[in-house]
Amino acid sequence: QVQVVESGGGLVQAGGSLRLSCTASGRTSSTYAMGWFRQAPGKEREFVAAISWTGYSTYYADDVKGRFTIFRDNAKNLVYLQMNSLKPEDTAGYYCATKPGDGSGWSYEYDYWGQGTQVTVSS
């Protein structure tokens, strides 16, 4: 059974930083991409960032480019989302997901999801 677990959310002031972590265990495929999505109250879930198995390919939503960085440590089975220069509009539940193959911004391509971790940015 595949389990995806996020951690690292919290409350931070605008301009501050947070690092989210995610681990995915139990996948039968040897290589898989990881992605981060977020959902604010009353809004649809949206893509944030994704990374290939090797880590060489990364993908970002336009509004987080230059502020967020996704990276992974396969030896530790972890993927991270480093979030800098946070804005109040970044406030949302952040979800980690995994999929076979390459990274993608399409949520329907991801087959296993975590329960989410809340990020709140105060102004």
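Before reading on, note that the structure itself is shown above.
Residues numbered from 1 in each chain as written. Predicted model: local features only at pLDDT ≥ 70, side-chain atom pairs only at ≥ 80, totals over all residues. Heavy atoms only, no water.

### Quick look at unusual backbone geometry
Then comes step 1: Positive phi, normally seen in glycine, also occurs at asparagine 77, with a value near 60°.
Then comes step 2: Looking at the secondary structure, you find asparagine 77 in the loop between strand S7 (68-73) and strand S8 (78-83).
Then comes step 3: In this structure asparagine 77 comes out as partly exposed when scored by relative accessible area, which is 26%.
Then comes step 4: Unusually for a residue other than glycine, serine 85 sits at a positive phi of about 50°. (Helix = DSSP H or I, 4+ residues; strand = E, 2+ residues; numbered from the N terminus. Buried < 20%, exposed > 50% of the residue type's maximum accessible area, 1.4 Å probe, protein only.)

### What about the sheet that holds strand S3 (residues 18-25)?
Pairing between the strands of a sheet is mediated by backbone hydrogen bonds and can be parallel or antiparallel.
Then comes step 1: Strand order in the open sheet formed by four strands is S1-S3-S8-S7, with antiparallel pairing between adjacent strands. Either end of the sheet is taken by a strand with one partner, and the two such strands are strand S1 (3-7) and S7. Averaged over all pairs of adjacent strands, the angle between their axes in this sheet comes to 15°, without regard to strand direction.
Then comes step 2: Bridge analysis of S7 against S8 gives six bridges, and the strand direction is antiparallel. What sits directly across from phenylalanine 71, in S8, is tyrosine 80. (Pairing = 2+ DSSP bridges. Axes fitted to C-alpha atoms, helices over the stretch in contact; angles between N-to-C directions.)

As far as function goes, none of this settles anything; it's purely spatial.
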